[in-house]
Structures are given as C-alpha cells and as structure tokens.
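Chain and residue survey
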Amino acid sequence: MEILYQSTRDPLAKKVTASQAILQGLSPDGGLYVPTQIPIIETPLIELAKLSYQELAFKILKPYLNDFSTQELQTCLAAAYGNNFDNPAIAPLTEHAGAFYLELFHGPTIAFKDLALQLLPQLMITAAHKNQLEKEIVILTATSGDTGKAAMAGFADVPGTKIIVFYPKNGVSPVQEKQMLTQTGNNTFVLGIDGNFDQAQTNVKKIFNDQSFKQQLDLNGYQFSSANSINIGRLLPQIVYYFYAYSQLLTAGKIKAGDKINFSVPTGNFGDILAGYYAKQMGLPIKKLICASNKNHVLTDFFNSGTYDRKRPFYVTSSPSMDILVSSNLERLLYYLSDKNSETTRHLMEQLQEDGRYRITAAMQAKLADFAAGFADEQQTATEIKRIFKIDATAVDPHTAVASNVAQPWLTTAPTVIIATASPYKFPQVVWSALTDSAASKGTQKALAQLKNLIKVPYPPAIKMLLTTTSRAKQTLAPEKMKSAIENILFDD
Ligand SMILES: *Cc1c(COP(=O)(O)O)cnc(C)c1O
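Residues numbered from 1 in each chain as written. Predicted model: local features only at pLDDT ≥ 70, side-chain atom pairs only at ≥ 80, totals over all residues. Heavy atoms only, no water.

1. Description of the pairing of strand E7 (residues 188-193)
The buried count for E7 comes to five of six residues, which makes it a mostly enclosed element. Viewed along the sheet, the connection from strand E6 (residues 161-168) through helix H8 (residues 174-181) into E7 turns out right-handed. Here E7 pairs with strand E15 (residues 476-477) via two bridges, running parallel. Directly across from Gly-192, in E15, lies its bridge partner Thr-476. (Buried < 20%, exposed > 50% of the residue type's maximum accessible area, 1.4 Å probe, protein only. Helix = DSSP H or I, 4+ residues; strand = E, 2+ residues; numbered from the N terminus. Right-handed = clockwise from strand over helix to strand, strands pointing away. Pairing = 2+ DSSP bridges.)

Here it is in structure tokens:
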C-alpha cells in the first residue's frame, strides 16, 4: 500500500504525498504530518550491514518517499552524503568506556543536524519541481543552536529558496553563534531574539498558521516551509543512522543479528529519539530508547509520571540544544500512544496550549515501555566529560555527556549506543572547564586553541572555516517583532 501523510490532529484533513508534506512543513490544521503506515524492513539485518550509508539510506527512505523516483532519491542522497562529511563512514561508531558512541558530528556544521539537513534541501527542491511549484520557498526556522547553522549551510544559495533563522540571543554557545554569523549565501538571514527557544518556536508556529499572512506571502510569490523536525522530511533521514549503528555492531562482531540493543539519545525537541522509535517499529531490534535530558527535564518527568507540565523554571545550561520545555515532536508520539487517535492528540495539544500541562491515560502510559528516561544536571554533565577523558583520552561534547551519564545504569542490560550529537569543538569553553576544573579563555579562538592542545584532535573543517571568516553584523529583536522582521526581509526590496 502506498504511504501518504496525514495530520496528527484532524482525521478528515486531506492526505498528501511525501513531497507535498515536505513542501508544507506543517499541516494546515496545525498538526504534524505522519505517514499513514510505518513500513517494515524485510531485508535481513545481516544484508543491510553490507550497505554503505547512502545505500542504506535509500533502502530505508524509499518506502516513505514513494513519490520520489529511484533516480531522484539516489541523486538527492549522493549530493547529501559525500565529501561534505569529513569521515567516509558518514556516521562512524566508536567504543569508549564500555559503551558505543555513534558519531554524528562529521558533517559541515559538526552537529547531528547535518545528517538530515544536508538531505532536506535536496528533497525540497526535488519536491518543488515535482509539484510544479512556481513560488519561492521561505524556510522559517527556530533554533536552539545547531539547526540554524545546519539549515543555513544546507540551503545556502539553493535556487528558489530563502532561509530565515531565529535563535535565542543569550541561549546558544559562542561557537554556535559565530557559526551562524559567518554563514555565506545571499538567501540566508539570521536574527537573535531577546527570549528563549520556546518563544522562538512558538512564534514560528504562529506565523505558519497566520492565514492572512499566508495570503500576503502568496500574492508576493512566496510559500513558507520548515527545516525544524516538525517537517517530516527532516525526521525521516534520522531513522537511517539507527539502522547504521546496528550494522556497524554486527560487522564488528559485537552482536549477532536479532540481538537487542539500547540507544541513549540527548533529547530536546524529541525529533532524534522519535526517529529511533520509527526504526523500532520498522523492525530494528531495540530494547530501550533512553530519553536523556539536562536540567530542563520536562521529558524525564513526563515519562516517569504521565504528566507533561511546561510550567516550570527555564534554565540556560551547558547543553543549549536541549534547553527546551515544549518538545514539538512529542505530539507525534502521543498520536501513536493513543492508537492514532487524532481527537485525543488534538485535545492534549490544546490543553498544553491553554493550561501548560496535560496528563495521558493509563493505557497510553503503558505504551511508554519502549522508553526509559533520566536527566543529568550541570555537575553530572561536567563529571561525565571528565570521566570519559580519563578512561581513554576522548573528549565528548556536553550533549553527548548527558546521554552518556543517563545511560550508565542501562549498560549491563544490552549493548548500548550513545548518540554523540556534536563535536567537543562546538563547546570549547564548557569542555575545557569540565576537563581541567578551571575557567576557559573568554575569546572563542583562544578557547578553541586551548582545548586543541589538551585533547590533541585536529580541528574539523568547520572550525578552520570559522576561524578564517568574518562575521556579519549581529541583529537582535524582541520575539513580538519576528513577523515584521520577516516582512522586512521579504517585501522590502
Ligand atoms: C538538536 C540537538 C539535540 C536534540 O535533538 P532533538 O531532535 O531536538 O531532540 C541534542 N544535541 C545536539 C548537539 C543538538 O544539536
């Protein structure tokens, strides 16, 4: 049966093709697109293990992207996963201190977002062509630090697109900010807001659903789409590396085909770990998906109690990409937990909007057994960075450290893969302080050099580029001004 895409909120809304879902980003009723069914992978795991990353990606993605031809998808994949990664394995698996680390930071912006955002622009322009879209696509993106840069890098100078990124001006690391400000491409725009990620994301969603603004855009020849993980085209490519981690364990003789493994995932918007949930539904033998949070542990509390409550203090932490209180992809999980009940899902999302909290039923809660959840506070995160370095001289970034710390009680239950989401060079001050118990140099360049001296890892291309490119001027605004900033960019030529 052909897979189409439907909204999590409205059972009667028109089902759309994969390419249409990717172009739209969000369903018109405010819900998120989900596939009408999740395909089972029939190929034996031992056969999948023989495939390259690109070949495996084709195998996993083709059933979902069924209105893309074989040729189209292969062309997109070849452009996405090539020399733009500094490791030919794309997502190599390494072993440190009794756990496996899936290194997803070998792409152009040294964070895991590249695995999806190098592919999404390819899918989007192919989709635009396929649907005879005459309009220019405007990608609106809220970022907690890494999506912004990865999306700008992916869409830079892609004909027929513009990308506008909003980030919390005090909520990203100095390297993350500099990475965004040094991005080239006349079609890329980046703005800091006086607020946190949740405010940026909420306003982006509001702007998406603003019907009169949509008409105004339409008249001016524009259409919005999203590069956040609310876009199904961002989520699906992330399924691939769960299978790929398993392949590498098989090839290395660490497991036998069929053995169950754990994944520990540093979680913010719940996109990465949701891709792991899809992988499990597709037949990958996963024991536990461990949802790891930092001091903003709204998800840990949800998994342990069945109540989601965003009304709590917000903390800026050393792992900024997880500083999120409204995890947008949880909506897709609620849809599955309720046996694809759009009424229930919509109702819960309305409660979240109106009361700031909701509680799921006991039946839904019982289905959370696929997951485990925990959090690491700031001290535990720093201690974990130091512990791993002491054992085998490997430095991990703070997000990876959170997942690694939370995974510890699970290591004895099954081989455990920790999703290593960023390079330590993205957070040089934090990593240096954790390793040496002393304050790092304030300047980014000095802090990087200091860390390099200590961990003896060559700079990845992204860091070399950062050090040699001048920044554009930093622009900031109040969250309420986001819409008018977009108008200025799009209508004021
Ligand atoms: C985005 C990000 C995360 C969180 O991923 P989600 O899909 O939002 O849950 C974790 N670590 C890093 C480094 C990230 O950039």
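2. Structural notes on the packing of helix H7 (residues 146-155) against H8
Between H7 and H8, the shortest axis-to-axis distance is 9 Å and the interhelical angle comes to 25 degrees. In terms of their interaxial angle, H7 and H8 are classed as roughly parallel. For the pair H7 and H8, the sense of crossing is left-handed. The residues of H8 that touch H7, namely those facing Asp-146, Gly-148, Lys-149 and Met-152, are Gln-176, Gln-179 and Met-180. (Axes fitted to C-alpha atoms, helices over the stretch in contact; angles between N-to-C directions. Parallel < 35°, antiparallel > 145°, perpendicular 65-115°, else oblique. Left-handed = near helix turned anticlockwise from the far one by under 90°. Contact = heavy atoms within 4.5 Å.)

3. Observations regarding helix H9 (residues 197-208)
Along its twelve residues, H9 runs 16 Å from first to last C-alpha, staying within 8% of the 16 Å computed at 1.5 Å per residue. Burial of H9 is extensive: nine of the twelve residues sit out of reach of the surface. Within H9, the full set of buried residues consists of Phe-197, Asp-198, Ala-200, Gln-201, Asn-203, Val-204, Lys-205, Ile-207 and Phe-208. Among the residues of H9, the N-terminal cap falls to Asn-196, whose side-chain oxygen and the backbone nitrogen of Asp-198 are separated by 3.1 Å. (Expected span 1.5 Å × (residues − 1). Polar contact = N/O pair within 3.5 Å; in protein donor to acceptor, adjacent residues only side chain to side chain.)

4. Looking at the sheet that holds strand E14 (residues 416-420)
Strand pairing in a sheet relies on backbone hydrogen bonds. The paired strands run either parallel or antiparallel. Within the open sheet, the six strands sit side by side as E3-E4-E14-E9-E10-E13. Their pairing is mixed. Since the sheet does not close on itself, it has two edges, and those belong to strand E3 (93-96) and strand E13 (371-375), each with one partner. Pairwise comparison of adjacent strand axes, ignoring direction, gives a mean angle of 25 degrees for this sheet. Note: strand E10 (residues 286-293) against E13, five bridges, orientation parallel. Looking across to E13, one finds that Ser-293 is bridged to Phe-375. Running over the sheet, helix H14 (residues 298-305) touches E10 and E13 and is turned about 135 degrees from E13. Here helix H19 (residues 398-407) sits on the sheet and contacts strand E4 (99-103), strand E9 (261-266), E10, E13 and E14; the angle it forms with E14, its principal contact strand, is near 160 degrees.

5. A short note on the sheet that holds strand E8 (residues 222-226)
Strand order in the open sheet formed by five strands is E8-E5-E6-E7-E15, with parallel pairing between adjacent strands. Strands at the two margins of the open sheet, each flanked by one partner only, are E8 and E15. By the bridge criterion, six bridges tie E6 to E7 in an arrangement that is parallel. Each bridged residue has a counterpart across the sheet, and for Pro-168 the counterpart in E7 is Ile-193. Sheet contacts for H9: strand E5 (136-142), E6, E7 and E8; angle to E5, the most-contacted strand, approximately 150 degrees. The strands that helix H23 (residues 482-491) touches are E5, E6, E7, E8 and E15; relative to E6, the one it contacts most, it runs at about 150 degrees.

6. Some points on H19
With ten of ten residues buried, H19 is to be regarded as a mostly interior element. If you check which residues of H19 are buried, you get Pro-398, His-399, Thr-400, Ala-401, Val-402, Ala-403, Ser-404, Asn-405, Val-406 and Ala-407.

7. Remarks on the site of the ligand
Every one of the 14 residues lining the ligand counts as a neighbour, but Lys-113, Asp-146, Gly-268, Asn-269 and Asp-272 are closest to it. One nitrogen or oxygen atom from the side chain of Lys-113 is found 2.6 Å from an oxygen atom belonging to the ligand. Contact between the ligand and Asp-146: an oxygen atom at 2.4 Å from a side-chain N or O atom of the residue. Split by residue class, the shell around the ligand holds four nonpolar, seven polar and three charged. (Near = heavy atom within 4 Å. Nonpolar A, V, L, I, M, F, W, Y, C, P; charged D, E, K, R; others polar.)

8. Re the environment of Phe-270
Along the chain, the position of Phe-270 falls in the loop between E9 and helix H13 (271-281). Between the C-alpha atoms of Phe-270 and Leu-73, which are 197 residues apart in sequence, the distance is 26 Å.

9. Observations concerning the side chain of Gln-223
Assignment of secondary structure puts Gln-223 in strand E8. Among the residues examined, Gln-223 registers a relative accessible area of 18% and is labelled buried. If we ignore the near neighbours within four places in the chain, the residues touching Gln-223 are Leu-23, Gln-24, Leu-133, Lys-135, Glu-136, Ile-137 and Val-138.

10. Remarks on the packing of aromatic side chains
Summed over all chains, the structure comprises 21 aromatic pairs. Measuring from centroid to centroid gives 5.6 Å for Tyr-277 and Phe-371, while their planes differ by 20 degrees, and the two rings are stacked. One end of the pair, Tyr-277, is in helix H13; the other, Phe-371, is in strand E13, and 94 residues separate them in sequence. With a relative accessible area of 7%, Tyr-277 lands in the buried category. Centre to centre, the rings of Phe-302 and Tyr-358 are 6.2 Å apart; their planes meet at 70 degrees, and the pair counts as edge-to-face. In this pair, Phe-302 is assigned in helix H14 and Tyr-358 in strand E12 (residues 357-359), connecting sequence segments 56 residues apart. With respect to burial, Phe-302 and Tyr-358 carry one shared label: buried. Taken together, the aromatic side chains of Phe-270, Tyr-277, Tyr-278, Phe-302, Phe-303, Tyr-308, Tyr-335, Tyr-336, Tyr-358 and Phe-371 make up a single cluster linked through ring pairs. One residue, Lys-130, lies across the ring of Phe-68, its end atom 5.5 Å from the ring centre. Across from the ring centre of Tyr-315, 4.0 Å away, lies the NZ or CZ of Lys-295, which sits over that ring. (Phe/Tyr/Trp six-rings, centres within 6.5 Å; stacked < 30°, edge-to-face > 60°. Lys NZ or Arg CZ within 6 Å of the ring centre and 35° of its normal.)

11. Section: the packing of helix H18 (residues 378-392) against H19
Viewed as axis vectors pointing N to C, H18 and H19 meet at an angle of 90 degrees, and their least axial separation amounts to 8 Å. Compared by their axis directions, H18 and H19 come out roughly perpendicular. Each of Gln-380, Thr-381, Glu-384, Ile-385, Arg-387 and Ile-388 in H18 lies in contact with H19, whose residues at this interface are Pro-398, Ala-401, Val-402, Ser-404 and Asn-405. For the contact of H18 with H19, a count of residues per class yields five nonpolar, four polar and two charged.

Read these as geometric descriptors, not functional statements.
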